[in-house]
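A look at the structure
One letter stands for each residue in the lines below.
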Amino acid sequence: MTDTTAGQAPAPVSAPAPAQAADPARERLRRWRLVLGGDQADGTGCALSGRDAAMDGALAALYGKGDKASAGRDRSAGLGASAPSVARWLGDIRDYFPSSVVQVMQRDAIDRLGLASLLLEPEMLQAVEPDVHLVGTLLSLHKAMPETTRETARAVVRKVVGELERRLATRTRATLTGALDRSARVRRPRHHDIDWNRTIAANLKHYLPEYRTVVPERLIGYGRAARSVKKEVVLCIDQSGSMAASVVYASVFGAVLASMRSISTRLVVFDTAVVDLTDQLDDPVDVLFGTQLGGGTDINRALAYCQERITRPAETVVVLISDLYEGGIRDEMLKRVAAMKASGVQFVALLALSDEGAPAYDREHAAALAALGAPAFACTPDLFPEVMAAALEKRPLPIPDPA
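All right, on to the nonpolar core then. Counting residues in hydrophobic clusters, the biggest one holds 84 residues, and the most contacted among them are Trp89, Phe97, Met105, Leu119, Val319 and Phe384. For this core, the element with the highest residue contribution is helix α8 (residues 147-182), accounting for ten residues. In terms of nonpolar packing, the next biggest core, distinct from the first, is built from 25 residues, Ile299, Leu303, Tyr305 and Met340 among them.

Spelled out as C-alpha coordinates, the structure:
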(Lines give C-alpha, C1' and ligand atoms only; values in the text may rest on other atoms or scores of the structure.)
Protein backbone atom coordinates (compact mmCIF):
# COMPACT_ATOMS: atom_id res chain seq x y z
CA MET A 1 0.00 0.00 0.00
CA THR A 2 1.69 3.17 -1.12
CA ASP A 3 -1.07 5.61 -1.91
CA THR A 4 -4.68 6.53 -1.28
CA THR A 5 -7.19 8.76 -2.97
CA ALA A 6 -8.19 11.94 -1.20
CA GLY A 7 -10.78 11.39 1.52
CA GLN A 8 -10.54 7.61 1.41
CA ALA A 9 -8.97 5.53 4.14
CA PRO A 10 -6.16 3.12 3.24
CA ALA A 11 -7.26 -0.50 3.23
CA PRO A 12 -6.51 -2.11 6.61
CA VAL A 13 -3.63 -4.53 6.40
CA SER A 14 -3.20 -5.78 9.95
CA ALA A 15 -3.14 -9.52 10.55
CA PRO A 16 -6.59 -10.93 11.35
CA ALA A 17 -7.35 -12.87 14.49
CA PRO A 18 -7.04 -16.66 14.08
CA ALA A 19 -10.81 -17.18 14.23
CA GLN A 20 -11.38 -14.61 11.48
CA ALA A 21 -8.60 -16.04 9.34
CA ALA A 22 -10.43 -19.37 9.30
CA ASP A 23 -13.54 -17.72 7.77
CA PRO A 24 -12.76 -15.86 4.50
CA ALA A 25 -16.27 -14.41 4.25
CA ARG A 26 -16.07 -12.93 7.75
CA GLU A 27 -12.59 -11.55 7.04
CA ARG A 28 -13.94 -9.79 3.93
CA LEU A 29 -16.75 -8.26 6.01
CA ARG A 30 -14.26 -7.16 8.65
CA ARG A 31 -12.10 -5.38 6.08
CA TRP A 32 -15.09 -3.72 4.41
CA ARG A 33 -16.30 -2.60 7.82
CA LEU A 34 -12.95 -0.94 8.53
CA VAL A 35 -12.90 0.75 5.12
CA LEU A 36 -16.53 1.95 5.19
CA GLY A 37 -16.37 3.26 8.73
CA GLY A 38 -19.37 1.63 10.36
CA ASP A 39 -22.02 4.04 9.15
CA GLN A 40 -25.49 2.55 8.90
CA ALA A 41 -25.19 2.37 5.11
CA ASP A 42 -22.12 0.16 5.15
CA GLY A 43 -24.35 -2.93 5.16
CA THR A 44 -21.77 -5.25 6.70
CA GLY A 45 -23.45 -5.81 10.07
CA CYS A 46 -19.96 -6.53 11.40
CA ALA A 47 -19.07 -5.39 14.90
CA LEU A 48 -15.47 -4.64 15.86
CA SER A 49 -13.70 -5.17 19.13
CA GLY A 50 -10.22 -5.08 20.65
CA ARG A 51 -7.42 -4.17 18.23
CA ASP A 52 -9.84 -3.83 15.30
CA ALA A 53 -11.90 -1.26 17.21
CA ALA A 54 -8.76 0.68 18.09
CA MET A 55 -7.62 0.59 14.46
CA ASP A 56 -11.05 1.83 13.39
CA GLY A 57 -10.73 4.71 15.83
CA ALA A 58 -7.36 5.72 14.34
CA LEU A 59 -8.86 5.68 10.83
CA ALA A 60 -11.95 7.58 12.05
CA ALA A 61 -9.83 10.36 13.52
CA LEU A 62 -8.43 11.09 10.06
CA TYR A 63 -11.05 9.96 7.55
CA GLY A 64 -14.30 10.51 9.49
CA LYS A 65 -17.07 12.32 7.64
CA GLY A 66 -18.05 14.71 10.39
CA ASP A 67 -21.82 14.24 10.13
CA LYS A 68 -22.46 10.56 10.70
CA ALA A 69 -22.16 8.29 13.70
CA SER A 70 -21.90 4.56 14.07
CA ALA A 71 -23.45 2.52 16.81
CA GLY A 72 -22.24 3.83 20.13
CA ARG A 73 -19.38 5.96 18.71
CA ASP A 74 -18.66 9.06 16.68
CA ARG A 75 -16.90 8.11 13.47
CA SER A 76 -15.53 11.65 13.14
CA ALA A 77 -13.73 12.00 16.44
CA GLY A 78 -10.95 13.94 14.72
CA LEU A 79 -7.47 14.76 15.91
CA GLY A 80 -8.19 18.22 17.22
CA ALA A 81 -5.39 20.73 17.64
CA SER A 82 -3.69 19.17 20.62
CA ALA A 83 -0.09 18.13 20.03
CA PRO A 84 -0.22 15.39 22.72
CA SER A 85 -3.33 13.80 21.15
CA VAL A 86 -1.80 13.93 17.67
CA ALA A 87 1.45 12.44 19.00
CA ARG A 88 -0.54 9.58 20.54
CA TRP A 89 -2.38 9.06 17.26
CA LEU A 90 0.91 8.96 15.37
CA GLY A 91 2.14 6.32 17.78
CA ASP A 92 -1.04 4.31 17.33
CA ILE A 93 -0.92 4.20 13.54
CA ARG A 94 2.74 3.12 13.63
CA ASP A 95 1.59 0.22 15.79
CA TYR A 96 -1.37 -0.75 13.57
CA PHE A 97 -0.02 -0.21 10.04
CA PRO A 98 3.23 -0.81 8.07
CA SER A 99 5.58 2.10 7.41
CA SER A 100 4.38 2.73 3.83
CA VAL A 101 0.77 3.16 5.01
CA VAL A 102 1.84 5.30 7.97
CA GLN A 103 3.57 7.70 5.60
CA VAL A 104 0.41 8.02 3.49
CA MET A 105 -1.74 8.67 6.57
CA GLN A 106 0.70 11.27 7.91
CA ARG A 107 0.60 13.06 4.56
CA ASP A 108 -3.20 12.98 4.56
CA ALA A 109 -3.31 14.30 8.13
CA ILE A 110 -1.14 17.26 7.19
CA ASP A 111 -3.16 18.00 4.04
CA ARG A 112 -6.70 17.30 5.32
CA LEU A 113 -6.51 18.52 8.89
CA GLY A 114 -3.99 21.33 8.64
CA LEU A 115 -1.52 19.81 11.09
CA ALA A 116 1.60 21.32 9.54
CA SER A 117 1.90 23.91 12.30
CA LEU A 118 2.07 21.15 14.91
CA LEU A 119 5.26 19.91 13.28
CA LEU A 120 6.92 22.97 14.81
CA GLU A 121 6.79 21.22 18.18
CA PRO A 122 9.67 18.84 19.09
CA GLU A 123 7.45 16.13 20.58
CA MET A 124 5.52 15.91 17.33
CA LEU A 125 8.67 15.50 15.24
CA GLN A 126 9.85 12.72 17.51
CA ALA A 127 6.59 10.83 16.92
CA VAL A 128 6.39 10.96 13.13
CA GLU A 129 7.65 8.40 10.62
CA PRO A 130 10.36 10.24 8.62
CA ASP A 131 10.10 10.18 4.83
CA VAL A 132 10.80 12.38 1.81
CA HIS A 133 7.38 14.05 1.95
CA LEU A 134 7.79 14.94 5.62
CA VAL A 135 11.18 16.46 4.82
CA GLY A 136 9.52 18.62 2.16
CA THR A 137 6.96 19.84 4.69
CA LEU A 138 9.66 20.62 7.25
CA LEU A 139 11.67 22.56 4.69
CA SER A 140 8.64 24.68 3.84
CA LEU A 141 8.19 25.43 7.57
CA HIS A 142 11.77 25.82 8.72
CA LYS A 143 11.81 29.63 8.53
CA ALA A 144 8.98 29.67 11.09
CA MET A 145 10.48 27.05 13.41
CA PRO A 146 11.31 28.08 16.96
CA GLU A 147 14.90 27.48 18.04
CA THR A 148 13.84 24.56 20.26
CA THR A 149 12.53 22.67 17.22
CA ARG A 150 15.26 23.27 14.67
CA GLU A 151 17.73 20.69 15.95
CA THR A 152 14.99 18.04 16.10
CA ALA A 153 13.95 18.94 12.56
CA ARG A 154 17.55 18.66 11.34
CA ALA A 155 17.81 15.24 12.97
CA VAL A 156 14.67 14.08 11.14
CA VAL A 157 15.98 15.44 7.82
CA ARG A 158 19.42 13.92 8.40
CA LYS A 159 17.90 10.50 9.03
CA VAL A 160 15.98 10.56 5.74
CA VAL A 161 18.96 11.93 3.81
CA GLY A 162 21.25 9.28 5.30
CA GLU A 163 18.89 6.51 4.21
CA LEU A 164 18.70 7.95 0.69
CA GLU A 165 22.50 8.23 0.44
CA ARG A 166 22.93 4.61 1.50
CA ARG A 167 20.39 3.54 -1.09
CA LEU A 168 21.63 5.63 -4.01
CA ALA A 169 25.28 6.60 -3.59
CA THR A 170 27.12 3.36 -4.39
CA ARG A 171 25.22 2.63 -7.60
CA THR A 172 25.45 6.25 -8.74
CA ARG A 173 29.22 6.40 -8.28
CA ALA A 174 29.74 3.03 -10.01
CA THR A 175 27.50 3.93 -12.96
CA LEU A 176 29.04 7.36 -13.52
CA THR A 177 32.61 6.16 -13.05
CA GLY A 178 32.01 3.64 -15.82
CA ALA A 179 30.51 6.37 -18.01
CA LEU A 180 33.51 8.65 -17.43
CA ASP A 181 35.90 5.82 -18.30
CA ARG A 182 34.01 5.00 -21.49
CA SER A 183 33.87 8.65 -22.52
CA ALA A 184 37.69 8.75 -22.70
CA ARG A 185 38.58 6.24 -25.44
CA VAL A 186 42.23 5.43 -26.09
CA ARG A 187 43.81 3.90 -29.22
CA ARG A 188 46.60 1.90 -27.60
CA PRO A 189 44.86 0.39 -24.58
CA ARG A 190 46.24 -2.16 -22.22
CA HIS A 191 44.78 -5.63 -22.65
CA HIS A 192 42.31 -5.35 -19.75
CA ASP A 193 41.20 -1.88 -20.98
CA ILE A 194 40.16 -3.05 -24.48
CA ASP A 195 36.55 -2.35 -25.42
CA TRP A 196 36.01 -5.59 -27.36
CA ASN A 197 32.58 -4.74 -28.76
CA ARG A 198 33.79 -1.50 -30.37
CA THR A 199 37.11 -3.07 -31.42
CA ILE A 200 35.40 -5.95 -33.26
CA ALA A 201 32.90 -3.61 -34.91
CA ALA A 202 35.75 -1.39 -36.15
CA ASN A 203 37.69 -4.35 -37.60
CA LEU A 204 35.00 -6.48 -39.25
CA LYS A 205 36.60 -5.85 -42.67
CA HIS A 206 39.60 -7.83 -41.41
CA TYR A 207 37.58 -11.00 -40.86
CA LEU A 208 39.44 -14.17 -42.01
CA PRO A 209 36.90 -16.84 -43.06
CA GLU A 210 39.41 -19.67 -43.06
CA TYR A 211 40.23 -19.00 -39.43
CA ARG A 212 36.73 -17.76 -38.51
CA THR A 213 38.21 -14.84 -36.65
CA VAL A 214 38.79 -11.10 -36.83
CA VAL A 215 42.36 -9.80 -36.89
CA PRO A 216 42.14 -6.36 -35.28
CA GLU A 217 44.40 -3.72 -36.79
CA ARG A 218 43.07 -0.99 -34.48
CA LEU A 219 42.29 -1.47 -30.81
CA ILE A 220 39.72 0.71 -29.05
CA GLY A 221 39.87 0.88 -25.29
CA TYR A 222 38.35 2.51 -22.26
CA GLY A 223 40.26 5.42 -20.82
CA ARG A 224 41.16 5.33 -17.15
CA ALA A 225 39.54 7.94 -14.96
CA ALA A 226 42.02 10.73 -14.48
CA ARG A 227 42.52 12.67 -11.30
CA SER A 228 41.71 15.90 -13.11
CA VAL A 229 38.15 17.07 -13.69
CA LYS A 230 36.70 15.47 -16.81
CA LYS A 231 33.10 16.67 -16.79
CA GLU A 232 31.11 19.51 -15.30
CA VAL A 233 27.55 19.03 -14.07
CA VAL A 234 25.13 21.84 -13.24
CA LEU A 235 21.99 20.91 -11.31
CA CYS A 236 19.42 23.70 -11.71
CA ILE A 237 16.52 22.96 -9.35
CA ASP A 238 13.10 24.57 -9.19
CA GLN A 239 12.26 25.08 -5.51
CA SER A 240 8.58 25.95 -5.94
CA GLY A 241 6.32 24.15 -3.47
CA SER A 242 5.24 21.42 -5.90
CA MET A 243 8.86 20.30 -6.37
CA ALA A 244 9.58 19.43 -2.72
CA ALA A 245 10.42 15.73 -3.22
CA SER A 246 12.56 16.56 -6.27
CA VAL A 247 14.54 19.09 -4.24
CA VAL A 248 15.29 16.43 -1.60
CA TYR A 249 16.48 13.82 -4.11
CA ALA A 250 18.43 16.34 -6.18
CA SER A 251 20.29 17.57 -3.09
CA VAL A 252 21.34 14.02 -2.24
CA PHE A 253 22.49 13.33 -5.80
CA GLY A 254 24.30 16.68 -5.85
CA ALA A 255 26.31 15.66 -2.79
CA VAL A 256 27.13 12.28 -4.37
CA LEU A 257 28.31 13.89 -7.62
CA ALA A 258 30.36 16.45 -5.72
CA SER A 259 32.21 13.61 -3.97
CA MET A 260 33.55 12.34 -7.32
CA ARG A 261 36.94 13.79 -8.30
CA SER A 262 36.33 13.64 -12.03
CA ILE A 263 33.11 15.67 -11.90
CA SER A 264 32.86 19.34 -11.00
CA THR A 265 29.34 19.85 -9.64
CA ARG A 266 27.38 23.07 -9.24
CA LEU A 267 23.98 23.12 -7.53
CA VAL A 268 21.63 26.06 -8.10
CA VAL A 269 18.11 26.43 -6.70
CA PHE A 270 15.63 29.02 -7.87
CA ASP A 271 12.16 30.47 -7.59
CA THR A 272 11.97 34.11 -8.71
CA ALA A 273 15.50 34.50 -7.31
CA VAL A 274 18.58 32.31 -7.83
CA VAL A 275 20.69 30.84 -5.02
CA ASP A 276 23.97 29.00 -5.60
CA LEU A 277 24.45 26.32 -2.93
CA THR A 278 27.57 24.73 -4.41
CA ASP A 279 29.72 25.57 -1.38
CA GLN A 280 27.39 23.50 0.83
CA LEU A 281 27.44 20.33 -1.26
CA ASP A 282 29.58 18.44 1.25
CA ASP A 283 26.46 18.19 3.43
CA PRO A 284 23.08 17.69 1.67
CA VAL A 285 21.26 18.62 4.90
CA ASP A 286 22.83 22.07 4.74
CA VAL A 287 21.79 22.27 1.09
CA LEU A 288 18.20 21.42 1.96
CA PHE A 289 18.01 23.98 4.74
CA GLY A 290 19.43 26.51 2.30
CA THR A 291 16.37 26.11 0.08
CA GLN A 292 13.12 28.00 0.47
CA LEU A 293 10.21 25.95 -0.84
CA GLY A 294 7.32 27.94 -2.24
CA GLY A 295 7.21 31.17 -4.20
CA GLY A 296 7.16 31.77 -7.93
CA THR A 297 9.32 30.51 -10.78
CA ASP A 298 11.77 32.24 -13.14
CA ILE A 299 13.46 29.51 -15.15
CA ASN A 300 14.97 32.00 -17.60
CA ARG A 301 16.84 33.83 -14.84
CA ALA A 302 18.14 30.57 -13.38
CA LEU A 303 19.37 29.32 -16.76
CA ALA A 304 21.03 32.67 -17.43
CA TYR A 305 22.97 32.31 -14.17
CA CYS A 306 24.04 28.77 -15.06
CA GLN A 307 24.95 29.68 -18.65
CA GLU A 308 27.28 32.45 -17.50
CA ARG A 309 29.28 29.96 -15.42
CA ILE A 310 29.85 27.35 -18.11
CA THR A 311 33.51 27.40 -19.17
CA ARG A 312 33.76 24.09 -21.07
CA PRO A 313 30.44 23.63 -22.90
CA ALA A 314 31.46 20.44 -24.72
CA GLU A 315 32.24 18.80 -21.35
CA THR A 316 29.22 20.15 -19.44
CA VAL A 317 25.86 18.61 -18.57
CA VAL A 318 23.08 20.95 -17.40
CA VAL A 319 20.18 19.26 -15.62
CA LEU A 320 17.07 21.41 -15.25
CA ILE A 321 14.62 19.92 -12.72
CA SER A 322 11.34 21.81 -13.01
CA ASP A 323 7.65 21.41 -13.80
CA LEU A 324 8.26 24.15 -16.42
CA TYR A 325 5.56 26.52 -15.17
CA GLU A 326 7.57 29.56 -16.20
CA GLY A 327 6.88 32.93 -14.60
CA GLY A 328 9.74 34.63 -16.43
CA ILE A 329 10.29 35.28 -20.12
CA ARG A 330 9.35 32.12 -22.02
CA ASP A 331 11.01 32.95 -25.33
CA GLU A 332 14.28 33.93 -23.63
CA MET A 333 14.24 30.66 -21.68
CA LEU A 334 13.96 28.66 -24.90
CA LYS A 335 16.68 30.75 -26.60
CA ARG A 336 19.05 30.00 -23.72
CA VAL A 337 18.42 26.27 -23.99
CA ALA A 338 19.00 26.41 -27.76
CA ALA A 339 22.21 28.42 -27.28
CA MET A 340 23.58 26.01 -24.70
CA LYS A 341 22.88 23.02 -26.90
CA ALA A 342 24.45 24.75 -29.90
CA SER A 343 27.63 25.35 -27.88
CA GLY A 344 27.91 21.63 -27.08
CA VAL A 345 26.23 21.48 -23.67
CA GLN A 346 24.29 18.29 -22.93
CA PHE A 347 20.93 19.60 -21.68
CA VAL A 348 18.63 17.37 -19.62
CA ALA A 349 15.12 18.50 -18.59
CA LEU A 350 13.45 16.53 -15.78
CA LEU A 351 9.83 17.32 -14.93
CA ALA A 352 10.34 15.64 -11.54
CA LEU A 353 12.97 13.60 -9.73
CA SER A 354 10.87 11.46 -7.43
CA ASP A 355 8.85 8.26 -7.00
CA GLU A 356 5.52 10.11 -7.00
CA GLY A 357 4.36 9.06 -10.46
CA ALA A 358 3.31 11.32 -13.34
CA PRO A 359 3.76 14.98 -12.34
CA ALA A 360 1.75 18.03 -13.34
CA TYR A 361 3.73 20.19 -15.76
CA ASP A 362 3.45 22.82 -18.49
CA ARG A 363 2.91 20.74 -21.62
CA GLU A 364 3.43 23.64 -24.01
CA HIS A 365 6.88 24.36 -22.63
CA ALA A 366 7.74 20.65 -22.57
CA ALA A 367 6.80 20.39 -26.26
CA ALA A 368 8.91 23.46 -27.05
CA LEU A 369 11.95 21.92 -25.35
CA ALA A 370 11.40 18.65 -27.21
CA ALA A 371 11.40 20.60 -30.48
CA LEU A 372 14.84 21.89 -29.50
CA GLY A 373 16.09 18.34 -29.00
CA ALA A 374 15.74 18.42 -25.22
CA PRO A 375 12.78 16.17 -24.35
CA ALA A 376 11.40 16.73 -20.86
CA PHE A 377 10.38 13.70 -18.81
CA ALA A 378 9.85 12.56 -15.22
CA CYS A 379 12.66 10.53 -13.71
CA THR A 380 12.74 8.24 -10.70
CA PRO A 381 15.74 8.30 -8.35
CA ASP A 382 16.66 4.77 -9.45
CA LEU A 383 16.79 5.84 -13.12
CA PHE A 384 18.75 9.06 -12.52
CA PRO A 385 22.25 7.45 -12.56
CA GLU A 386 21.48 5.92 -15.98
CA VAL A 387 20.25 9.28 -17.28
CA MET A 388 23.41 11.00 -16.08
CA ALA A 389 25.64 8.26 -17.52
CA ALA A 390 24.00 8.65 -20.93
CA ALA A 391 24.39 12.44 -20.79
CA LEU A 392 28.07 12.16 -19.82
CA GLU A 393 28.69 9.76 -22.72
CA LYS A 394 26.64 11.90 -25.12
CA ARG A 395 24.35 9.06 -26.09
CA PRO A 396 20.52 8.96 -26.21
CA LEU A 397 18.87 9.36 -22.82
CA PRO A 398 16.93 6.38 -21.40
CA ILE A 399 13.57 8.17 -21.47
CA PRO A 400 10.90 6.02 -19.75
CA ASP A 401 7.79 5.03 -21.67
CA PRO A 402 5.01 7.43 -20.55
CA ALA A 403 2.53 4.55 -20.78
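Residue-level pLDDT values for the protein chain average 81, and 82% of them are 70 or greater. The weakest mean pLDDT in the protein chain belongs to strand β1 (residues 69-70) at 38; the strongest belongs to strand β8 (residues 316-321) at 97. Considering only residues more than four positions removed or in separate chains, one finds that residues 1-6, a stretch of pLDDT under 50, has twelve contacts. Under a pLDDT of 50 for its full length, residues 66-77 has, in the predicted model, 29 contacts with residues more than four places off or in other chains.

Further remarks concern the side chain of asparagine 300. Looking at the secondary structure, you find asparagine 300 in helix α12 (residues 299-308). Taking the relative accessible area as the measure of exposure, asparagine 300 reaches 9% and is therefore buried. At 3.3 Å, the side chain of asparagine 300 forms a polar contact with the backbone nitrogen of methionine 333. With sequence-adjacent residues up to four places away left out, asparagine 300 is seen in contact with Glu326, Ile329, Glu332, Met333 and Arg336.

Next up on the list: the packing of helix α13 (residues 330-342) against helix α14 (residues 363-371). Packing of α13 against α14 leaves a shortest axis separation of 10 Å and a crossing angle of 30 degrees. When the axes of α13 and α14 are compared, the pair comes out roughly parallel. Considering how the two elements wind past one another, α13 and α14 form a crossing that is right-handed. Two secondary-structure elements touch here, α13 through Arg330, Met333, Leu334 and Val337 and α14 through Glu364, His365, Ala368 and Leu369. Residues of the contact of α13 with α14, tallied by class, amount to five nonpolar, one polar and two charged.

Applying the stated criterion across every chain yields a total of one cavity of 30 Å³ or more. Taken as a whole, the largest cavity spans an internal volume of roughly 80 Å³. If you go around the largest cavity, the residues you meet are Val86, Trp89, Leu90, Gln106, Ala109, Ile110, Leu115, Leu119, Met124, Val128 and Leu134. Counting residues per element, the ones that place at least two in the lining of the largest cavity are α4 (83-96) and α5 (99-113). Of the residues that constitute the lining of the largest cavity, the class distribution is ten nonpolar, one polar and no charged.

Take the packing of α12 against α13 next. Here α12 crosses α13 at 30 degrees, and the two axes come no closer than 8 Å. For the element pair α12 / α13, the angle class is roughly parallel. Crossing angle aside, the handedness with which α12 passes α13 is left-handed. Residue-level inspection shows Ile299, Asn300, Leu303, Ala304 and Gln307 of α12 in contact with α13, the latter providing Glu332, Met333, Arg336, Val337, Ala339 and Met340.

Our focus in this paragraph is the pattern of salt bridges. In the structure shown here, the tally under the stated rule is 19 salt bridges. Residue aspartate 95 is joined to arginine 51 by a salt bridge in which the shortest nitrogen-to-oxygen separation is 3.6 Å. In this pair, aspartate 95 is assigned in helix α4 and arginine 51 in helix α3 (residues 50-63), connecting sequence segments 44 residues apart. Where arginine 171 meets glutamate 386, a salt bridge forms, and the shortest distance between an N and an O atom there is 3.4 Å. Within this pair, whereas arginine 171 is found in helix α8, its partner glutamate 386 is found in helix α15 (residues 384-393), the two being separated by 215 residues in sequence. Put simply, Glu27, Arg30, Arg31 and Asp52 are held in one network by salt bridges that share partners.

So, about the state of the cysteines. Think of a disulfide as a covalent bridge from one cysteine sulfur atom to another cysteine sulfur atom. The full count for this structure, using the stated rule, is zero disulfides. Left without a disulfide partner, cysteine 236 is nearest to the cysteine sulfur of cysteine 306, which lies 3.8 Å away. Overall, the relative accessible area of 0% leaves cysteine 236 in the buried class. Overall, cysteine 306 belongs to the buried group, its relative accessible area being 1%.

Moving on, we come to the side chain of serine 246. Structurally, serine 246 can be placed in helix α10 (residues 244-258). The class of serine 246 is buried, set by a relative accessible area of 3%. In this view, serine 246 contacts Ile321, Ala352, Leu353 and Ser354; residues no more than four positions away in its chain are not counted.

Moving on, we come to the environment of lysine 143. One can find lysine 143 in the loop between α7 (132-141) and α8. Overall, the relative accessible area of 57% leaves lysine 143 in the exposed class. Sequence-wise, lysine 143 and phenylalanine 289 are 146 residues apart; in three dimensions their C-alpha atoms are separated by 9.2 Å. Other than its neighbours up to four places away in sequence, lysine 143 contacts Arg150 and Gln292.

In this section: the pairing of strand β5 (residues 231-238). Counting buried positions over the eight residues of β5 gives eight, a clear majority of the element. Here β5 shows no split at all, with Lys231, Val233, Leu235 and Ile237 on one side and Glu232, Val234, Cys236 and Asp238 on the other all buried. Across eight bridges, the pairing between β5 and strand β6 (residues 263-270) is parallel. Looking at β6, one finds that cysteine 236 is bridged to valine 268. With respect to chirality, the unit in which β5 leads through α10 into the neighbouring parallel β6 is right-handed. One ladder, built from six bridges, connects β5 with β8; its direction is parallel.

Quick notes on the rules
- Residues numbered from 1 in each chain as written.
- Predicted model: local features only at pLDDT ≥ 70, side-chain atom pairs only at ≥ 80, totals over all residues.
- Heavy atoms only, no water.
- Core = buried A, V, L, I, M, F, W, Y, C linked by side-chain atoms within 4.5 Å.
- Buried < 20%, exposed > 50% of the residue type's maximum accessible area, 1.4 Å probe, protein only.
- Helix = DSSP H or I, 4+ residues; strand = E, 2+ residues; numbered from the N terminus.
- pLDDT = per-residue confidence, 0-100.
- Contact = heavy atoms within 4.5 Å.
- Polar contact = N/O pair within 3.5 Å; in protein donor to acceptor, adjacent residues only side chain to side chain.
- Axes fitted to C-alpha atoms, helices over the stretch in contact; angles between N-to-C directions.
- Parallel < 35°, antiparallel > 145°, perpendicular 65-115°, else oblique.
- Left-handed = near helix turned anticlockwise from the far one by under 90°.
- Nonpolar A, V, L, I, M, F, W, Y, C, P; charged D, E, K, R; others polar.
- 1 Å grid on protein atoms, 1.4 Å probe; cavity = no way out; pocket = protein on both sides within 12 Å on 5 of 7 lines; lining within 4 Å.
- Points joined across faces, edges and corners; volume = space filled by probe spheres on them.
- Salt bridge = Lys/Arg side-chain N within 4 Å of Asp/Glu carboxyl O.
- Disulfide = S-S within 2.5 Å.
- Pairing = 2+ DSSP bridges.
- Right-handed = clockwise from strand over helix to strand, strands pointing away.

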